[in-house]
Amino acid sequence: MLGALTSPLTILDHSRRPGRMVYPVRSRRSRGISVGVNLFPHKKICDLDCVYCEVDNPGDSGAEPTIPQLRAELEQLFEDVRAGRLFAGERINDIAFSGDGEPTISPLFGEAVEAAIDVRARLCSPSLKLVLITDALTLHRAPTRAAIDRLMAHHGEVWAKLDAGTEEYFKLVDRGHVPLSRQVQNIRDLGKVYPLVVQSMFLRLHGEPTPASEVDAYVARIRELVSAGTQISRIDVYTVARPTTEAWASPLTDAELDAIAGRVRDAVPPSIAVETYYSHR
Ligand code: SF4
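Residue numbers here run from 1 along each chain, matching the order of that chain's written sequence. Totals for whole chains, interfaces and linings use all residues, but because this is a predicted model, local features are given only for residues with pLDDT of at least 70 and pairs of side-chain atoms are given and counted only at 80 or more. To get the side-chain values, take all heavy atoms of the structure and skip hydrogens and water.

Peer 1: Explain the nonpolar core here, please?
Peer 2: Nonpolar side chains tend to gather and get buried jointly when the protein is soluble and globular. The biggest cluster of nonpolar side chains holds 80 residues, and the ones touching the most others in it are Phe 78, Leu 203 and Ile 235. Here a residue-residue contact requires only that any non-hydrogen atoms of the pair lie within 4.5 Å. Those residues in contact with Phe 78 that sit more than four places away from it in its chain are Val 35, Ile 92, Ile 95, Val 119, Leu 123, Cys 124 and Leu 128. Each nonpolar core is a collection of buried residues, namely Ala, Val, Leu, Ile, Met, Phe, Trp, Tyr and Cys, held together in the definition by side-chain atoms within 4.5 Å. Relative accessible area decides the class of each residue, using a 1.4 Å probe on protein chains only: under 20% of the type maximum gives buried, over 50% gives exposed, and in between gives partly exposed.

Peer 1: Teacher, can you tell me more about the confidence of the model for the chain here?
Peer 2: Detailed conclusions should not be drawn from predicted coordinates in areas where pLDDT is low. Each residue gets a pLDDT score, which is the predictor's confidence in that residue and runs from 0 to 100. On average, residues of the chain score 92 in pLDDT, and 93% of them are at 70 or above. Predicted confidence is poor over residues 8–15, with pLDDT under 50, and the contacts of this stretch with residues over four places away or in other chains come to eleven contacts.

Peer 1: Please explain helix 6 (residues 212–227) as it appears in this structure.
Peer 2: Side chains of residues three or four places apart in an α-helix project in the same direction, reflecting 3.6 residues per turn. Given a rise of 1.5 Å per residue, 16 residues ought to cover 22 Å, and the 22 Å separating the end C-alpha atoms of helix 6 matches this to within 8%. The positive-phi residue at the C-terminal boundary of helix 6 is Gly 229, with phi of around 95 degrees. Only DSSP runs of H or I covering at least 4 residues are called helices, and only runs of E covering at least 2 are called strands; the numbering of each starts at the N terminus. In this scheme, a helix's expected span is set at 1.5 Å multiplied by one less than its residue total.

Peer 1: What's the story with the environment of Leu 137 in this structure? I'm lost.
Peer 2: Residue placement: Leu 137 occurs in the loop between strand 5 (129–134) and helix 3 (142–152). Judged by its relative accessible area of 5%, Leu 137 is buried. It is 9.2 Å that separates the C-alpha atoms of Leu 137 and Gln 185, two residues lying 48 residues apart in sequence. Residues within four places of Leu 137 in sequence aside, it is in contact with Asp 47, Leu 48, Val 178, Arg 182, Gln 183 and Asn 186.

Peer 1: Before we go on, may I ask you to explain helix 3 in this structure?
Peer 2: Along helix 3, the residues that are buried comprise Thr 144, Ala 147, Ile 148, Leu 151 and Met 152. Seen end-on, helix 3 carries its buried residues on one side only, within an arc spanning 135 degrees. For helix 3, exposure combined with an orientation more than 90 degrees from the buried face picks out Ala 142 and Pro 143. Tucked inside the fold, the buried residues of helix 3 contact strand 4 (92–98), helix 2 (109–123), strand 5, strand 6 (156–161) and helix 5 (180–191). Working note: the arc is built from the helix axis to C-beta atom directions.

Peer 1: Is there a simple way to explain the packing of aromatic side chains in this structure?
Peer 2: Two numbers describe a pair of aromatic rings. These are the distance of the centres and the angle of the planes. Pairing of aromatic rings covers Phe, Tyr and Trp, the last through its six-membered ring, and needs centres within 6.5 Å; plane angles under 30 degrees mean stacked, over 60 mean edge-to-face, and all others mean tilted. Under the defined criterion, the tally for this structure stands at two aromatic pairs. Judged by centre distance (5.8 Å) and plane angle (90 degrees), the rings of Phe 97 and Phe 109 are edge-to-face. With Phe 97 in strand 4 and Phe 109 in helix 2, the pair connects residues that are twelve residues apart, well separated along the chain. Each member of the pair, Phe 97 as well as Phe 109, is classed as buried. Here the guanidinium or amino end of Arg 234 rests over the ring plane of Trp 159, the centre of that ring lying 5.2 Å away. As a reminder, the over-ring test applies to NZ of lysine and CZ of arginine, requiring each to be within 6 Å of the ring centre and within 35 degrees of the ring normal.

Peer 1: What is the right way to read the pattern of salt bridges from this model?
Peer 2: Note on pairing: side chains with opposite charge can pair once their charged atoms come close. When a carboxyl oxygen of Asp or Glu lies within 4 Å of a side-chain nitrogen of Lys or Arg, that pair is called a salt bridge. Considering all chains together, one arrives at 15 salt bridges under this definition. Between Arg 150 and Glu 114 there is a salt bridge, with its nearest N and O atoms 2.6 Å apart. Of the two residues, Arg 150 is situated in helix 3 and Glu 114 in helix 2; the sequence distance between them amounts to 36 residues. The partly exposed category is assigned to Arg 150, whose relative accessible area is 35%. Owing to a relative accessible area of 30%, Glu 114 belongs among the partly exposed residues under this scheme. Salt-bridge contacts for Glu 246 lead to Arg 175; the nearest nitrogen and oxygen are separated by 3.0 Å. Of the two residues, Glu 246 sits in the loop between strand 9 (232–238) and strand 10 (249–250) while Arg 175 sits in the loop between helix 4 (167–173) and helix 5, which places them 71 residues apart along the sequence. Salt bridges sharing partners connect three or more residues here, namely Arg 71, Glu 75, Asp 118 and Arg 122.

Peer 1: Teacher, can you tell me more about the pairing of strand 9 here?
Peer 2: The side chains of a regular strand alternate between both faces of the sheet. In terms of burial, strand 9 is a largely internal element, six of the seven residues being buried. For two strands to pair, DSSP has to find at least two bridges joining them. Where strand 7 (residues 196–201) meets strand 9, six bridges bridge the pair, whose relative direction is parallel. Residue pairing across strands places Leu 196 opposite Ile 232, the latter belonging to strand 9. Direction of pairing for strand 9 relative to strand 11 (residues 273–277): parallel, over a ladder of five bridges. Along strand 11, the bridge assignment pairs Val 237 with Thr 276.

Peer 1: Even after reading the chapter, I still don't get the environment of Asn 57, so can you show me in this structure?
Peer 2: Structurally, Asn 57 can be placed in the loop between strand 3 (33–38) and helix 1 (67–82). Given the relative accessible area of 17%, Asn 57 is considered buried. Remark: the alpha-carbon pair of Asn 57 and Ser 227, spanning 170 residues in sequence, is separated by 40 Å. Look past the residues within four positions of Asn 57 in its chain and what remains in contact with it is Phe 40, Pro 41, His 42, Lys 43, Lys 44 and Asp 100.

This is the structure we're talking about:
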């Protein structure tokens, strides 16, 4: 999930280390280090099957991740930072729940949030941001909501995916088994309580850019969300930047992405930042 907005620290290695739950990346958005938490280091587990997915986890390693493993890896990383062995002179921007699947469907998600809050308070700054990058399909479930409440009480931020304006395009691009209306309703309901970041992927399918009618429908969805009182702090309009699951899913040009971002800017109040992330780094 995080791949579209970040790059691994080692330029030549575009995969997270097999079996490891903690993976620092250099964030395109913050120009700092993001400490990724992957709750699926053993295999990709997601409730979507996006055509543009950049997860390159090849399969089941057999080793289930655990909370003690997560604590140990986070502690080691922050101890290395404190000792000056890692990231000298670079700012750590956040701890981000992302990785090889949808974090909120992991049975470890709630405990993982608690572990991050605890390790951060002991070994880092308690004000370091905690970010959840989510497809928003389970935000209505009680355990997910309880974990998000904890996250938001501890300098949290939720980045929610919204890639489509129509059910048809949602099925085509995100290939989910639940309706788009579920995702939109979850974003609306959580956004009435907490300000959210919305992340939206636009891309070329079989060589064709996002249809104008689909951009219209997406902009209408955003307008509806804002009119319904959804608090949105930022909308990230981005395109493909790394190898995708489907070879026929490819990036928009900068000009195409700028045109979509312009449409979104015109549709929302100026207080909502609209940022673009192009295919090149
Ligand atoms: S939500 Fe889509 S892009 Fe993110 S991990 Fe799942 S399939 Fe991949």
